[in-house]
Amino acid sequence: MAKARTADEKINGTTETIETAFKNDTETLKSNFEKAVKGYDQLLGFSKETVEAYVKAANVAGKGAETLHNEIYAYSKQSIEDSISAAKAVMASKSAHEAFELQTDFAKTAFEGYVSELTKISELFAATSKETLAPIQGRVQAWVDVVQSARAGCIGFALRAST
């Protein structure tokens, strides 16, 4: 009889151990599934925000290109008008010395205007580039956060699975 009780106790103990292990595994599976769904939702959110950032960057780039185009067009138009005006003045000059003076003044003014305009265009281009990349740079940090979050979840899962 004592042996029968001991065998029953062993069977009951084994059954309890199996039930406990099954319950723990079920809870772990459920917990990990919920984390996977959360990670998937987080990844979808990241993708949506990234697309929005690229759209914003494209809009800023388009406006910047338009600004650059307008600036170059205005300078070109003014430069042509100044060249025509200077050519008329040189043609109307009464001496070669006067024509040389007019041409020298025009060349000096044209060069200074060119350097000034080139500086302005370079500054516009740099500002446009910086504004265009700003939304995308924010997404890089967001990606690092997503990866670290996913990595932390995987490490936690691996630690729980090994115990």
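Each chain carries its own residue numbering, running from 1 in the written order of its sequence. This being a predicted model, a pLDDT of at least 70 is required before a residue's local features are given, and a value of 80 or more before pairs of side-chain atoms are given or counted; all residues contribute to the totals for chains, interfaces and linings. Each side-chain value is derived from all of the structure's non-hydrogen atoms; neither hydrogens nor water enter the calculation.

**Regarding the environment of Gly138**
Piece 1. A run of DSSP states H or I qualifies as a helix once it reaches four residues; a run of E qualifies as a strand once it reaches two. Both are numbered from the N-terminal end. With respect to the helices and strands, the residue Gly138 is situated in helix H2 (residues 96-162).
Piece 2. Between the C-alpha atom of Gly138 and that of Ala53, which follows or precedes it by 85 residues, the distance is 8.4 Å.

**Considerations on the pattern of salt bridges**
Piece 1. By convention in these notes, a salt bridge is any Lys or Arg side-chain nitrogen within 4 Å of a carboxyl oxygen on Asp or Glu. This structure, assessed with the given rule, holds two salt bridges.
Piece 2. A salt bridge links Glu49 to Arg139; its shortest N-O distance comes to 3.3 Å. Within this pair, whereas Glu49 is found in helix H1 (residues 2-92), its partner Arg139 is found in helix H2, the two being separated by 90 residues in sequence.
Piece 3. For Glu71, the salt bridge is made with Lys120, and the minimal N-O distance between the two is 3.3 Å. Taken as a pair, Glu71 in helix H1 and Lys120 in helix H2 lie far apart in primary sequence, 49 residues in all.

**Some thoughts on the side chain of Thr132**
Piece 1. Along the chain, the position of Thr132 falls in helix H2.
Piece 2. On the accessibility criterion, Thr132 (15% relative accessible area) is buried. Categorising residues by exposure relies on relative accessible area from a 1.4 Å probe, with only protein chains included: less than 20% of the type maximum marks a residue as buried, more than 50% marks it as exposed, and the intermediate range marks it as partly exposed.

**Examining the layout of surface pockets**
Empty pockets left among the atoms are what a rolling probe the size of a water molecule brings to light.
Piece 1. Counted as a void, the second largest pocket has a volume near 190 Å³.
Piece 2. Put simply, the grid is 1 Å and covers the protein atoms alone, a cavity is a trapped set of points that fit a 1.4 Å probe, a pocket is an open set with protein on both sides within 12 Å along at least five of seven lines, and lining residues have an atom within 4 Å of a point. Lining the second largest pocket we find Tyr75, Gln78, Ser79, Asp82, Ser83, Phe106, Thr109, Ala110, Gly113 and Tyr114.
Piece 3. Contributions of two or more residues to the lining of the second largest pocket are made by H1 and H2.
Piece 4. Looking at side-chain class alone, the lining of the second largest pocket contains four nonpolar, five polar and one charged residues. Grid points are joined across faces, edges and corners, and a volume is the space filled by probe spheres set on the points. Side-chain classes are defined by residue name, with Ala, Val, Leu, Ile, Met, Phe, Trp, Tyr, Cys and Pro counting as nonpolar, Asp, Glu, Lys and Arg as charged, and the others, Gly among them, as polar.

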